[in-house]
Amino acid sequence: MDEAYTRYLDYFRSGPYAPYVKECRLAGSAPVCLFHIGQPAGAFPDPPVPMFALQLIVGGKARIDFDMGAGRGSERLRAGQIYLAPPGTPTDYVLDDASEFLVVSVPAASMQSALSETSPGLTDFGRLHAAPFRDVFIEGLCQRVWEEGAEGGPLGTLFADYAVLVLAAALLRLTGRPLPVAPRSQAGLAPWRLRRVAEYVDENLGHDPSLTDLAQAAGLSPWHFARALRRATGTSPIRYLQRCRIERAKALLADTDLATAQIALAVGFKNQDHFARVFRRLAGETPATYRQAMRL
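Residues numbered from 1 in each chain as written. Predicted model: local features only at pLDDT ≥ 70, side-chain atom pairs only at ≥ 80, totals over all residues. Heavy atoms only, no water.

Thoughts on the sheet that holds strand 7 (residues 82–85)
The five strands lie next to each other as 1-2-9-4-7, forming an open sheet whose pairing is antiparallel. Edge positions in the sheet fall to strand 1 (21–27) and strand 7, since each of these pairs with one other strand and no more. Averaged over all pairs of adjacent strands, the angle between their axes in this sheet comes to 15 degrees, without regard to strand direction. In the sheet, strand 1 pairs with strand 2 (residues 32–39) via six bridges, with the strands oriented antiparallel. (Pairing = 2+ DSSP bridges. Helix = DSSP H or I, 4+ residues; strand = E, 2+ residues; numbered from the N terminus. Axes fitted to C-alpha atoms, helices over the stretch in contact; angles between N-to-C directions.)

Section: the packing of aromatic side chains
In this structure the tally under the stated criterion is 10 aromatic pairs. For the ring pair Phe 66 and Tyr 83, a centre distance of 5.3 Å and an interplane angle of 80 degrees mean the geometry is edge-to-face. Within this pair, whereas Phe 66 is found in strand 5 (residues 63–67), its partner Tyr 83 is found in strand 7, the two being separated by 17 residues in sequence. Relative accessible area serves as the criterion here: at 1%, Phe 66 is assigned to the buried category. In this structure Tyr 83 comes out as buried when scored by relative accessible area, which is 1%. Of the aromatic side chains, those joined through ring pairs into one cluster are Tyr 17, Tyr 20, Phe 44, Tyr 93 and Phe 101. It is Arg 25 that lies over the ring of Trp 146; its NZ or CZ is 4.0 Å from the centre. (Phe/Tyr/Trp six-rings, centres within 6.5 Å; stacked < 30°, edge-to-face > 60°. Buried < 20%, exposed > 50% of the residue type's maximum accessible area, 1.4 Å probe, protein only. Lys NZ or Arg CZ within 6 Å of the ring centre and 35° of its normal.)

Looking at the pairing of strand 6 (residues 72–76)
The two faces of a sheet get side chains in turn, since along a regular strand they alternate between them. As defined by bridge partners, strand 5 adjoins strand 6 across five bridges and the pair is classed as antiparallel. In the strand pairing of strand 6, Arg 63 is matched with Arg 76. Linking strand 5 back to strand 6 in an antiparallel pair, the connection comprises four residues, with Gly 69 at a positive phi of about 105 degrees.

Digging into the nonpolar core
Counting residues in hydrophobic clusters, the biggest one holds 69 residues, and the most contacted among them are Leu 54, Phe 125, Ile 138, Leu 171 and Phe 225. Beyond its immediate stretch of four places on either side in the chain, Ile 138 contacts Leu 54, Ile 82, Phe 133, Leu 167, Ala 170, Leu 171 and Leu 174. In this structure, Phe 12, Tyr 17, Ala 62 and Ile 64 belong to the second largest nonpolar core, which totals 25 residues. (Core = buried A, V, L, I, M, F, W, Y, C linked by side-chain atoms within 4.5 Å. Contact = heavy atoms within 4.5 Å.)

A word on the pattern of salt bridges
A complete count under the given rule lists eight salt bridges for this structure. Residue Asp 92 pairs with Arg 72 through a salt bridge whose shortest N-O separation is 3.2 Å. Pair noted here: Asp 92 is in strand 8 (residues 91–95) and Arg 72 is in strand 6, with a separation of 20 residues, a long-range link. The exposure class assigned to Asp 92 is partly exposed, which follows from its relative accessible area of 24%. A salt bridge links Glu 247 to Lys 250, with the nearest nitrogen and oxygen atoms 3.4 Å apart. (Salt bridge = Lys/Arg side-chain N within 4 Å of Asp/Glu carboxyl O.)

Describing the side chain of Arg 245
Tracing the backbone shows Arg 245 in helix 8 (residues 237–255). Engagement of the side chain of Arg 245 in a polar contact is seen with the backbone oxygen of His 207, the distance being 2.9 Å. From its side chain, Arg 245 meets the backbone oxygen of Val 267 in a polar contact 3.0 Å long. The residues touching Arg 245, leaving out its near neighbours within four places in the chain, are Leu 205, His 207, Asp 208, Pro 209, Val 267, Gly 268 and Phe 269. (Polar contact = N/O pair within 3.5 Å; in protein donor to acceptor, adjacent residues only side chain to side chain.)

By themselves, these are just geometric observations and shouldn't be taken as functional.
This is how it looks when you write it as structure tokens:
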């Protein structure tokens, strides 16, 4: 990348793509850089970047001649197609008409950390860099991360961090490489590790923890922590955190006169509406109904 751009985000905000960027967002602790781009016809050579750049086609039917670092190709764009450029590789493409892209750019270090634990020695996704592919799950995941990148996204840092691991696993699946099976001795999170995570969450419930924060509390890598937590509790890190927040909220509803909006913020929800939706899903009733029942 041109040394004039100190961050990948700057390359899109103030570099040659700036006139075409409709919106930029950030998500997660890495962070993941997200861009909605309306691109005209033309040639677009790109320098090597320190990111895995996933480009989801969301509009337009231009013909594209491309090289994502694994040889030239030519396709007619269709909504839902995905192009994946590896880090550290110059790419270029030529469009014969205007098109719209959602670009999800994950720092190479974050993605390669996941790869190193699942497929040692693998540094990219092989054939996925050679031609566009389609995957409904990955398309939906990219859209969810984009939504969470909006200011005030309700699920916070932990969702985007976990989404990077899920994305890595989904891409590996498409390459045909199976994910490793954990030994029986690592079938779940040891009680003492789970207790340390619970203590960390309890002490930091009003904050916005990252996946690394929770993993460090357990003494594991993010990848192994997420898998072990699911085996031990049957849920993902974000759902586990939500359960902890709702349990604390129940206590505050029963034992204090704090307003619902105050309780929502105190237990880490970004707004009252999201708190109410999650509370009803997990508790089976609204916060107001729960409070009333506890005081009969």
